[in-house]
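Residue-level listing of the chains:
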Amino acid sequence: MKPFDFRHAESADDAIDAAIHGATYLAGGTNLFDLMKSGVEQPSALIDLRRLAMTSITTTDTGGVFIEAGVTNSALANHQLIRSQYPVVSHAILSGATTQLRNMATAGGNLLQRTRCPYFMQTAFPECNKRKPGSGCAAINGFHREHAIFGASDDCVAIHPSDMAVALAMLDAVVHVKSSTGRRSIPISKFFALPGRTPEVDNTLQPHDLILGIELPPSHLHEHSWYLKVRDRHSYAFALVSVAAGLRIEDGGITDAALALGGVAAKPWRLQEAEASLIGRRPDAHAFRTAATIAMAGAQPLRQNAFKVDLGRHSIVRALTLAAIDRRIASAPTAR
Ligand code: SF4
């Protein structure tokens, strides 16, 4: 590993100043250290954010929740407010990684984790467009079973690996950031970037932006929500396809619906047309199958991952079916 300078930040402004002078932010380090050890990332300096005490989860004036960026995934998943009001977030987080990793990883870092495309992660492979712009994409004509079926480009077909982000997309979360010029907020729908001609860019953050936290607006989907993750093995694996589903059911009919897919694009893939198709319907198999067909209609699979289209369709039906059952916290999944 290339040598680097290291120090703890004394304040958010101190961290931003260090970033302006070339340092890379360090939070939990669960992804960054892997990339440093493999040589994909080679920062000259790290500025550690872990003494900034950005670890609270509080209610907002509008009835939502504000999660500070340094809250660990474990603390977030197990927080009573999250488990009761946003169980899909808890469910998504607990479906990812391992207990040890969740104890280190943070909410802010979770959003910034990088794709696990093997051509990107492993320097034994030649450079790729995400590591070195203009060097090509080996995955398109190589191994791409786990890659994107929505929103990809000729320059990159990678997916975003976060489970939490899929739940946040379903809930219309807002990311709050700070830079040397002040604070601003970014809707999660505008936070992640599709590859286009610039696959090296993962998100819409500006250089040196520091994530302060994530705001969850008030939600009325908590009584009927579910996170379904389909993967090659039951634990410690990334999603082939995942679904965050939320319904509001009143007098036997669906009055609101939210759906997002993971494992299919470089960002959580929100499914507004499928959601709209559910409004006014009874929560039954016919309505769910119709929504799932609409959801997957625009998929553009590659040679090895056409199975994701059927898998996505079936997963949406199953997630909606499970969401329609009022489970709430009593049967929220536990960590594996
Ligand atoms: Fe690199 Fe993206 Fe192609 Fe993977 S899919 S090899 S990350 S350019």
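Residues numbered from 1 in each chain as written. Predicted model: local features only at pLDDT ≥ 70, side-chain atom pairs only at ≥ 80, totals over all residues. Heavy atoms only, no water.

### Focus on the overall build of the chain
And then number 1: What the chain contains, in helices and strands, is 12 helices and 12 strands.
And then number 2: For 336 residues, the compact-globule estimate of 2.2 N^0.38 gives 20 Å, and the C-alpha radius of gyration of the chain, at 20 Å, lies within 12% of that figure.
And then number 3: Along the first, second and third principal axes, the C-alpha set of the chain runs to 60 × 50 × 35 Å.
And then number 4: Relative to its 336 residues, the chain shows a buried fraction of 53%.
And then number 5: Nonlocal contacts in the chain, meaning residues at least 24 apart in sequence, comprise 64% of its contacts between residues at least 6 apart.
And then number 6: With the model as given, the accessible surface of the chain reaches about 15,000 Å², and the carbon-plus-sulfur share is 52%.
And then number 7: Taking the average place of the 34 positive charges on the side chains of the chain and the average place of its 30 negative ones, the gap between the two points comes to 6 Å. (Helix = DSSP H or I, 4+ residues; strand = E, 2+ residues; numbered from the N terminus. Rg over C-alpha atoms; globule rule 2.2 N^0.38 Å. Buried < 20%, exposed > 50% of the residue type's maximum accessible area, 1.4 Å probe, protein only. Contact = heavy atoms within 4.5 Å. Areas by Shrake-Rupley, 256 points an atom, 1.4 Å probe, with all protein chains shown as cover. Lys, Arg positive; Asp, Glu negative; His and termini not counted. Charge placed at Lys NZ, Arg CZ, Asp CG, Glu CD.)

### Quick word on the packing of aromatic side chains
And then number 1: For the coordinates displayed, the defined rule picks out three aromatic pairs.
And then number 2: Ring geometry for Tyr 119 against Phe 125: centres 4.7 Å apart, planes inclined by 55 degrees, an arrangement best described as tilted.
And then number 3: Judged by centre distance (5.2 Å) and plane angle (15 degrees), the rings of Phe 150 and Trp 269 are stacked. Linking Phe 150 in the loop between α8 (118-121) and α9 (164-170) with Trp 269 in strand β12 (residues 269-270), this pair joins segments that are 119 residues apart in sequence. (Phe/Tyr/Trp six-rings, centres within 6.5 Å; stacked < 30°, edge-to-face > 60°.)

### Quick look at the site of the ligand
And then number 1: Close contacts around the ligand come from 14 residues, with Cys 117, Cys 128, Cys 137, Cys 156 and Val 157 the closest.
And then number 2: Residues of the shell around the ligand, tallied by class, amount to 10 nonpolar, two polar and two charged. (Near = heavy atom within 4 Å. Nonpolar A, V, L, I, M, F, W, Y, C, P; charged D, E, K, R; others polar.)

### Side note on the environment of Leu 261
And then number 1: With respect to the element layout, Leu 261 can be found in strand β11 (residues 253-262).
And then number 2: Separated by 36 residues in sequence, Leu 261 and Ser 225 have C-alpha atoms that sit 14 Å apart.

### Observations regarding the pattern of salt bridges
And then number 1: Under the defined criterion, the tally for this structure stands at 16 salt bridges.
And then number 2: A salt bridge links Asp 14 to Arg 7; the nearest nitrogen and oxygen atoms lie 2.9 Å apart.
And then number 3: The exposure class of Arg 7 is partly exposed, given its relative accessible area of 37%.
And then number 4: For Lys 130, the salt bridge identified is with Asp 202, shortest N-O distance 2.6 Å. Here Lys 130 is found in the loop between α8 and α9, whereas its partner Asp 202 is found in the loop between β7 (182-187) and β8 (210-216), with 72 residues between them in sequence. (Salt bridge = Lys/Arg side-chain N within 4 Å of Asp/Glu carboxyl O.)

### Thoughts on the side chain of Asn 73
And then number 1: As for its position among the elements, Asn 73 is in helix α3 (residues 73-78).
And then number 2: Those residues in contact with Asn 73 that lie beyond four places of it in its chain are Ile 93, Arg 102, Ala 105, Thr 106, Ala 107 and Asn 110.

### Description of the UniProt feature "domain: FAD-binding PCMH-type" (unreviewed entry) in the chain
And then number 1: This chain's UniProt record puts "domain: FAD-binding PCMH-type" (unreviewed entry) on residues 1-221.
And then number 2: Across residues 1-221 one finds 27% helix and 17% strand; the C-alpha atoms that close the span lie 46 Å apart. (UniProt positions renumbered as here; feature names shortened; annotations may be inferred.)

### Thoughts on the pairing of β8
And then number 1: Within β8, seven of the seven residues are buried, which leaves it mostly tucked inside the rest of the structure.
And then number 2: Where strand β5 (residues 65-68) and β8 come together, four bridges link them in antiparallel fashion. Bridge assignment links Glu 68 to a residue of β8, and that residue is Gly 213.
And then number 3: With five bridges connecting them, strand β6 (residues 174-179) and β8 associate as antiparallel partners. Among the inter-strand pairings, Val 175 is bridged to a residue of β8, identified as Ile 214. (Pairing = 2+ DSSP bridges.)

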